[in-house]
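One letter stands for each residue in the lines below.
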Amino acid sequence: MNQDVILITGASGQLGIVLTEKLQEKYGIANVIATDLRCNTEFKGQFEILDVTDFDAIKTIVLKYQVTQIYHMAAILSAKGEGSPLSTWDINMSTFFNVLEVSRLNQVNKVFFPSSIAVFGDNIQRENTPQSPNLTPTTVYGISKAAGENWANYYYKKYGLDVRSLRYPGVIGYQSLPGGGTTDYAVDIFHKAVNNEAYECFLNATTMLPMIYMEDAIRATIELMDVPKEKITIRTSYNIAGMSFNPKQLALSIEKSYPNFQMTYQPDFRQDIANSWPMSIDDSQAKNDWNWQPKYNLELMTADMLKNLENKYNSNPITI
Ligand code: SER
(Lines give C-alpha, C1' and ligand atoms only; values in the text may rest on other atoms or scores of the structure.)
Protein backbone atom coordinates (compact mmCIF):
# COMPACT_ATOMS: atom_id res chain seq x y z
CA MET A 1 0.00 0.00 0.00
CA ASN A 2 1.25 3.48 -0.82
CA GLN A 3 2.00 5.83 2.06
CA ASP A 4 -0.95 8.05 2.97
CA VAL A 5 -0.32 11.80 2.94
CA ILE A 6 -2.68 13.82 5.12
CA LEU A 7 -3.80 17.42 4.65
CA ILE A 8 -5.49 19.19 7.58
CA THR A 9 -7.36 22.47 7.16
CA GLY A 10 -7.96 24.58 10.26
CA ALA A 11 -4.87 23.01 11.83
CA SER A 12 -4.36 25.95 14.20
CA GLY A 13 -7.90 25.60 15.58
CA GLN A 14 -9.16 23.96 18.76
CA LEU A 15 -9.37 20.43 17.32
CA GLY A 16 -6.89 20.93 14.50
CA ILE A 17 -3.90 21.45 16.81
CA VAL A 18 -4.47 18.19 18.65
CA LEU A 19 -5.53 16.20 15.61
CA THR A 20 -2.38 17.27 13.73
CA GLU A 21 -0.17 15.92 16.51
CA LYS A 22 -2.00 12.60 16.63
CA LEU A 23 -1.88 12.22 12.87
CA GLN A 24 1.85 13.03 12.88
CA GLU A 25 2.34 10.20 15.40
CA LYS A 26 0.30 7.83 13.25
CA TYR A 27 1.54 8.70 9.74
CA GLY A 28 4.95 10.28 10.43
CA ILE A 29 5.72 13.97 10.61
CA ALA A 30 6.73 14.17 6.94
CA ASN A 31 3.36 12.84 5.79
CA VAL A 32 1.11 15.36 7.53
CA ILE A 33 0.58 18.79 5.99
CA ALA A 34 -1.00 21.20 8.45
CA THR A 35 -2.67 24.28 6.95
CA ASP A 36 -4.46 27.33 8.28
CA LEU A 37 -4.81 31.06 7.69
CA ARG A 38 -2.29 31.62 10.45
CA CYS A 39 0.59 29.54 11.78
CA ASN A 40 0.53 28.41 15.37
CA THR A 41 3.93 29.51 16.67
CA GLU A 42 4.62 26.34 18.67
CA PHE A 43 3.92 24.18 15.64
CA LYS A 44 6.38 21.46 14.68
CA GLY A 45 6.16 19.81 11.29
CA GLN A 46 5.07 20.71 7.76
CA PHE A 47 2.91 23.80 7.58
CA GLU A 48 1.42 25.79 4.68
CA ILE A 49 -0.61 28.97 4.92
CA LEU A 50 -3.90 28.12 3.17
CA ASP A 51 -7.13 30.03 2.62
CA VAL A 52 -9.58 27.18 1.99
CA THR A 53 -11.95 29.50 0.14
CA ASP A 54 -9.31 29.46 -2.63
CA PHE A 55 -9.85 26.35 -4.78
CA ASP A 56 -6.58 26.70 -6.68
CA ALA A 57 -4.56 27.10 -3.50
CA ILE A 58 -5.91 23.81 -2.08
CA LYS A 59 -5.36 22.07 -5.40
CA THR A 60 -1.75 23.28 -5.53
CA ILE A 61 -1.02 21.83 -2.07
CA VAL A 62 -2.82 18.55 -2.85
CA LEU A 63 -0.74 18.11 -6.01
CA LYS A 64 2.52 19.30 -4.46
CA TYR A 65 2.39 16.72 -1.65
CA GLN A 66 0.26 14.08 -3.44
CA VAL A 67 -2.28 14.22 -0.66
CA THR A 68 -4.45 11.12 -0.18
CA GLN A 69 -6.65 12.20 2.77
CA ILE A 70 -8.10 15.55 3.85
CA TYR A 71 -9.37 16.42 7.33
CA HIS A 72 -11.38 19.58 6.78
CA MET A 73 -11.44 21.19 10.25
CA ALA A 74 -11.74 24.86 9.22
CA ALA A 75 -15.15 26.41 10.03
CA ILE A 76 -16.82 29.30 11.79
CA LEU A 77 -18.58 28.05 14.93
CA SER A 78 -22.10 28.54 16.26
CA ALA A 79 -21.93 31.69 18.40
CA LYS A 80 -19.41 33.58 16.27
CA GLY A 81 -21.32 32.70 13.10
CA GLU A 82 -24.45 34.49 14.31
CA GLY A 83 -22.58 37.79 14.03
CA SER A 84 -22.54 37.54 10.22
CA PRO A 85 -24.85 34.76 9.03
CA LEU A 86 -24.38 35.13 5.27
CA SER A 87 -20.62 35.25 5.30
CA THR A 88 -20.57 32.30 7.75
CA TRP A 89 -22.69 30.30 5.32
CA ASP A 90 -20.46 31.35 2.48
CA ILE A 91 -17.22 30.42 4.24
CA ASN A 92 -18.44 27.15 5.75
CA MET A 93 -19.98 25.95 2.48
CA SER A 94 -17.47 27.23 -0.07
CA THR A 95 -14.56 25.72 1.85
CA PHE A 96 -16.28 22.34 2.00
CA PHE A 97 -17.22 22.42 -1.69
CA ASN A 98 -13.60 23.23 -2.51
CA VAL A 99 -12.39 20.28 -0.44
CA LEU A 100 -14.95 17.93 -2.02
CA GLU A 101 -14.21 19.04 -5.57
CA VAL A 102 -10.42 19.06 -5.22
CA SER A 103 -10.66 15.59 -3.67
CA ARG A 104 -12.91 14.22 -6.38
CA LEU A 105 -10.76 15.57 -9.20
CA ASN A 106 -7.33 14.75 -7.77
CA GLN A 107 -7.45 11.20 -6.41
CA VAL A 108 -7.80 12.14 -2.73
CA ASN A 109 -9.34 8.94 -1.43
CA LYS A 110 -10.76 9.91 1.99
CA VAL A 111 -12.21 13.09 3.45
CA PHE A 112 -13.18 13.83 7.06
CA PHE A 113 -15.94 16.39 7.63
CA PRO A 114 -16.67 17.46 11.21
CA SER A 115 -20.37 17.97 11.86
CA SER A 116 -21.92 18.98 15.16
CA ILE A 117 -24.80 18.70 17.62
CA ALA A 118 -25.73 22.11 16.14
CA VAL A 119 -27.49 20.27 13.28
CA PHE A 120 -30.32 19.52 15.70
CA GLY A 121 -32.89 22.18 16.47
CA ASP A 122 -36.35 22.86 17.82
CA ASN A 123 -38.77 19.96 18.13
CA ILE A 124 -36.18 17.24 18.60
CA GLN A 125 -36.27 14.70 21.39
CA ARG A 126 -33.68 16.44 23.57
CA GLU A 127 -32.77 13.47 25.74
CA ASN A 128 -30.92 10.67 24.01
CA THR A 129 -31.42 12.44 20.68
CA PRO A 130 -31.65 9.81 17.94
CA GLN A 131 -29.49 9.60 14.84
CA SER A 132 -32.08 10.72 12.30
CA PRO A 133 -34.73 13.15 13.52
CA ASN A 134 -35.83 16.07 11.35
CA LEU A 135 -32.92 18.49 11.27
CA THR A 136 -34.10 22.06 11.84
CA PRO A 137 -30.95 23.84 13.03
CA THR A 138 -31.32 27.26 14.64
CA THR A 139 -27.88 28.71 13.83
CA VAL A 140 -26.25 29.39 10.48
CA TYR A 141 -23.39 27.16 11.64
CA GLY A 142 -25.88 24.34 12.25
CA ILE A 143 -27.55 24.94 8.88
CA SER A 144 -24.17 24.75 7.15
CA LYS A 145 -23.28 21.53 8.98
CA ALA A 146 -26.66 19.92 8.16
CA ALA A 147 -26.21 20.89 4.50
CA GLY A 148 -22.60 19.68 4.60
CA GLU A 149 -23.71 16.27 5.88
CA ASN A 150 -26.05 15.92 2.93
CA TRP A 151 -23.32 16.97 0.52
CA ALA A 152 -20.99 14.39 2.07
CA ASN A 153 -23.62 11.74 1.41
CA TYR A 154 -24.15 13.08 -2.12
CA TYR A 155 -20.46 12.92 -3.03
CA TYR A 156 -20.25 9.39 -1.67
CA LYS A 157 -23.31 8.20 -3.58
CA LYS A 158 -22.68 10.07 -6.82
CA TYR A 159 -18.90 9.95 -7.10
CA GLY A 160 -17.85 7.25 -4.63
CA LEU A 161 -15.77 9.81 -2.68
CA ASP A 162 -15.20 8.28 0.76
CA VAL A 163 -16.34 11.15 2.98
CA ARG A 164 -16.75 10.31 6.69
CA SER A 165 -18.22 12.47 9.40
CA LEU A 166 -18.96 12.79 13.13
CA ARG A 167 -21.39 15.08 14.91
CA TYR A 168 -19.10 16.38 17.65
CA PRO A 169 -20.65 17.37 20.96
CA GLY A 170 -18.94 20.29 22.76
CA VAL A 171 -15.23 19.44 22.82
CA ILE A 172 -13.24 20.04 26.01
CA GLY A 173 -9.45 20.03 25.99
CA TYR A 174 -6.45 21.63 27.69
CA GLN A 175 -4.22 21.70 24.61
CA SER A 176 -5.96 24.54 22.76
CA LEU A 177 -8.48 27.32 23.23
CA PRO A 178 -11.85 27.17 21.53
CA GLY A 179 -13.15 30.07 19.48
CA GLY A 180 -16.73 31.19 19.11
CA GLY A 181 -18.72 28.15 20.25
CA THR A 182 -21.74 27.82 22.53
CA THR A 183 -20.19 24.96 24.48
CA ASP A 184 -16.93 26.84 25.11
CA TYR A 185 -17.85 27.80 28.67
CA ALA A 186 -16.84 24.26 29.59
CA VAL A 187 -13.25 25.03 28.55
CA ASP A 188 -13.00 28.66 29.75
CA ILE A 189 -14.16 27.68 33.24
CA PHE A 190 -11.09 25.48 33.77
CA HIS A 191 -8.66 28.26 32.86
CA LYS A 192 -10.31 30.51 35.45
CA ALA A 193 -10.40 27.79 38.11
CA VAL A 194 -6.71 26.91 37.93
CA ASN A 195 -5.84 30.62 38.12
CA ASN A 196 -8.03 30.93 41.23
CA GLU A 197 -10.40 33.31 39.48
CA ALA A 198 -14.20 33.35 39.47
CA TYR A 199 -16.07 32.53 36.25
CA GLU A 200 -19.15 34.22 34.84
CA CYS A 201 -20.99 31.65 32.78
CA PHE A 202 -22.95 32.73 29.69
CA LEU A 203 -25.38 29.80 30.08
CA ASN A 204 -27.67 29.23 33.05
CA ALA A 205 -26.93 26.65 35.75
CA THR A 206 -29.23 23.93 34.43
CA THR A 207 -28.34 23.95 30.72
CA MET A 208 -27.51 20.31 30.07
CA LEU A 209 -25.45 19.74 26.92
CA PRO A 210 -23.58 16.81 25.39
CA MET A 211 -19.80 17.12 25.67
CA ILE A 212 -16.75 15.03 24.85
CA TYR A 213 -13.18 15.08 26.09
CA MET A 214 -10.59 15.99 23.45
CA GLU A 215 -8.83 12.66 23.76
CA ASP A 216 -12.06 10.80 23.01
CA ALA A 217 -13.00 13.19 20.19
CA ILE A 218 -9.66 12.73 18.42
CA ARG A 219 -9.68 8.97 18.96
CA ALA A 220 -13.23 8.75 17.54
CA THR A 221 -12.10 10.70 14.47
CA ILE A 222 -9.12 8.48 13.77
CA GLU A 223 -11.08 5.29 14.51
CA LEU A 224 -13.81 6.31 12.08
CA MET A 225 -11.25 7.10 9.37
CA ASP A 226 -9.62 3.68 9.89
CA VAL A 227 -12.80 1.59 9.77
CA PRO A 228 -13.16 -0.63 6.68
CA LYS A 229 -15.49 1.11 4.25
CA GLU A 230 -18.14 -1.60 4.32
CA LYS A 231 -18.75 -1.08 8.06
CA ILE A 232 -19.89 2.49 7.56
CA THR A 233 -23.67 2.64 7.29
CA ILE A 234 -24.08 6.39 7.89
CA ARG A 235 -22.79 8.61 5.11
CA THR A 236 -24.27 11.84 6.45
CA SER A 237 -22.72 12.00 9.95
CA TYR A 238 -22.58 9.77 13.02
CA ASN A 239 -23.95 10.83 16.41
CA ILE A 240 -21.25 10.40 19.05
CA ALA A 241 -21.53 10.99 22.77
CA GLY A 242 -19.03 11.38 25.57
CA MET A 243 -20.81 12.76 28.64
CA SER A 244 -23.59 15.22 29.47
CA PHE A 245 -23.64 17.80 32.24
CA ASN A 246 -24.83 21.30 33.05
CA PRO A 247 -22.72 24.28 34.24
CA LYS A 248 -23.67 23.71 37.89
CA GLN A 249 -22.58 20.07 37.78
CA LEU A 250 -19.30 21.07 36.14
CA ALA A 251 -18.67 23.72 38.80
CA LEU A 252 -19.34 21.16 41.55
CA SER A 253 -16.92 18.76 39.94
CA ILE A 254 -14.23 21.49 39.87
CA GLU A 255 -14.99 22.47 43.46
CA LYS A 256 -13.85 19.04 44.64
CA SER A 257 -10.30 20.21 43.85
CA TYR A 258 -10.87 23.98 44.11
CA PRO A 259 -13.29 24.42 47.05
CA ASN A 260 -13.17 28.22 46.74
CA PHE A 261 -14.11 28.27 43.07
CA GLN A 262 -16.97 30.73 42.40
CA MET A 263 -19.30 30.74 39.43
CA THR A 264 -21.97 33.28 38.54
CA TYR A 265 -24.46 33.11 35.70
CA GLN A 266 -25.17 35.79 33.11
CA PRO A 267 -26.95 34.07 30.18
CA ASP A 268 -26.67 35.87 26.83
CA PHE A 269 -27.74 35.04 23.24
CA ARG A 270 -25.91 31.73 23.49
CA GLN A 271 -28.57 30.50 25.92
CA ASP A 272 -31.15 30.38 23.11
CA ILE A 273 -28.75 28.41 20.95
CA ALA A 274 -28.07 25.92 23.75
CA ASN A 275 -31.81 25.58 24.44
CA SER A 276 -32.33 24.24 20.93
CA TRP A 277 -29.60 21.61 21.21
CA PRO A 278 -29.78 18.07 22.61
CA MET A 279 -29.14 17.36 26.30
CA SER A 280 -27.74 13.92 25.52
CA ILE A 281 -27.08 11.88 22.40
CA ASP A 282 -27.91 8.35 21.27
CA ASP A 283 -24.71 7.10 19.64
CA SER A 284 -25.69 3.45 19.37
CA GLN A 285 -25.10 3.39 15.61
CA ALA A 286 -21.44 4.42 16.06
CA LYS A 287 -21.13 1.81 18.82
CA ASN A 288 -22.64 -0.89 16.60
CA ASP A 289 -20.86 -0.02 13.35
CA TRP A 290 -17.30 0.66 14.51
CA ASN A 291 -17.27 -0.14 18.23
CA TRP A 292 -17.17 3.48 19.40
CA GLN A 293 -16.74 3.72 23.17
CA PRO A 294 -15.92 6.93 25.10
CA LYS A 295 -13.42 6.67 27.97
CA TYR A 296 -13.95 9.95 29.82
CA ASN A 297 -16.88 10.87 32.06
CA LEU A 298 -17.28 14.16 33.96
CA GLU A 299 -15.08 13.10 36.85
CA LEU A 300 -12.19 11.71 34.78
CA MET A 301 -12.33 14.66 32.38
CA THR A 302 -12.27 17.22 35.22
CA ALA A 303 -9.29 15.56 36.90
CA ASP A 304 -7.32 15.37 33.65
CA MET A 305 -8.13 18.97 32.62
CA LEU A 306 -7.07 20.36 36.01
CA LYS A 307 -3.86 18.34 36.14
CA ASN A 308 -2.79 19.36 32.64
CA LEU A 309 -3.74 23.03 32.94
CA GLU A 310 -1.97 23.31 36.29
CA ASN A 311 1.18 21.97 34.61
CA LYS A 312 0.73 24.29 31.66
CA TYR A 313 0.23 27.45 33.72
CA ASN A 314 3.05 26.53 36.10
CA SER A 315 5.54 26.12 33.28
CA ASN A 316 4.30 28.79 30.88
CA PRO A 317 1.73 31.33 32.09
CA ILE A 318 -0.89 32.16 29.44
CA THR A 319 -3.86 34.46 29.66
CA ILE A 320 -7.31 34.30 28.12
N1 SER B 1 -18.79 23.34 20.05
C2 SER B 1 -19.54 23.81 18.93
C3 SER B 1 -20.16 25.11 19.17
O4 SER B 1 -20.50 25.37 20.31
C5 SER B 1 -20.62 22.82 18.58
O6 SER B 1 -20.24 22.10 17.49
O7 SER B 1 -20.35 25.87 18.26
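Rules used throughout
Residues numbered from 1 in each chain as written. Predicted model: local features only at pLDDT ≥ 70, side-chain atom pairs only at ≥ 80, totals over all residues. Heavy atoms only, no water. Near = heavy atom within 4 Å. Polar contact = N/O pair within 3.5 Å; in protein donor to acceptor, adjacent residues only side chain to side chain. Areas by Shrake-Rupley, 256 points an atom, 1.4 Å probe, with all protein chains shown as cover. Nonpolar A, V, L, I, M, F, W, Y, C, P; charged D, E, K, R; others polar. Core = buried A, V, L, I, M, F, W, Y, C linked by side-chain atoms within 4.5 Å. Buried < 20%, exposed > 50% of the residue type's maximum accessible area, 1.4 Å probe, protein only. Helix = DSSP H or I, 4+ residues; strand = E, 2+ residues; numbered from the N terminus. Contact = heavy atoms within 4.5 Å. Axes fitted to C-alpha atoms, helices over the stretch in contact; angles between N-to-C directions. Parallel < 35°, antiparallel > 145°, perpendicular 65-115°, else oblique. Left-handed = near helix turned anticlockwise from the far one by under 90°. 1 Å grid on protein atoms, 1.4 Å probe; cavity = no way out; pocket = protein on both sides within 12 Å on 5 of 7 lines; lining within 4 Å. Points joined across faces, edges and corners; volume = space filled by probe spheres on them.

Taken together, L77, S78, S116, Y141, G181, T182, T183 and W277 make up the full set of residues near the ligand. The side chain of Y141 places a nitrogen or oxygen atom 3.1 Å from an oxygen atom of the ligand. Residue T182 places a main-chain N or O atom 2.6 Å away from an oxygen atom belonging to the ligand. Bound to the protein, the ligand loses 94% of the 240 Å² it would expose on its own. Counted by class, the shell around the ligand contains three nonpolar, five polar and no charged residues.

Attention shifts here to the nonpolar core. Core analysis: the largest hydrophobic core is formed by 41 residues, its most contacted members being I172, Y185, F190, F245, L250, F261 and M301. Contributing elements (two or more residues each) for this core: α5 (140-159), α6 (185-194), β8 (199-201), β9 (209-213), β11 (243-245), α8 (247-255), α9 (269-275) and α11 (298-315). Sorting elements by how many residues they give to this core places α6 first, with seven residues. Leave out the neighbours within four places in its chain, and F190 touches I172, L250, I254, M301, T302, M305, L306 and L309. Ranked by size, the runner-up nonpolar core spans 33 residues in total, among them A11, V18, A220 and I232.

Remark: helix α2 (residues 55-65) packs on helix α4 (residues 85-105), axes separated minimally by 10 Å, with the N-to-C direction vectors making an angle of 40°. If you check the angle between α2 and α4, you find them oblique. Every pair of crossing elements has a handedness; the one defined by α2 and α4 is right-handed. From α2, F55, I58, K59 and V62 reach across to α4, where they touch N98, V99, E101, V102 and L105. A class-by-class count of the residues in the contact of α2 with α4 yields six nonpolar, one polar and two charged.

Bringing empty space enclosed by the protein into the picture now. By the definition in use, this model includes one cavity of 30 Å³ or more. Forming the boundary of the largest cavity are H72, A74, A75, N92, M93, T95, F96, F113, S144 and K145. Contributing elements (two or more residues each) for the lining of the largest cavity: α4 and α5. For the lining of the largest cavity, the element with the highest residue contribution is α4, accounting for four residues. Here the lining of the largest cavity is built from residues that sort into five nonpolar, four polar and one charged.

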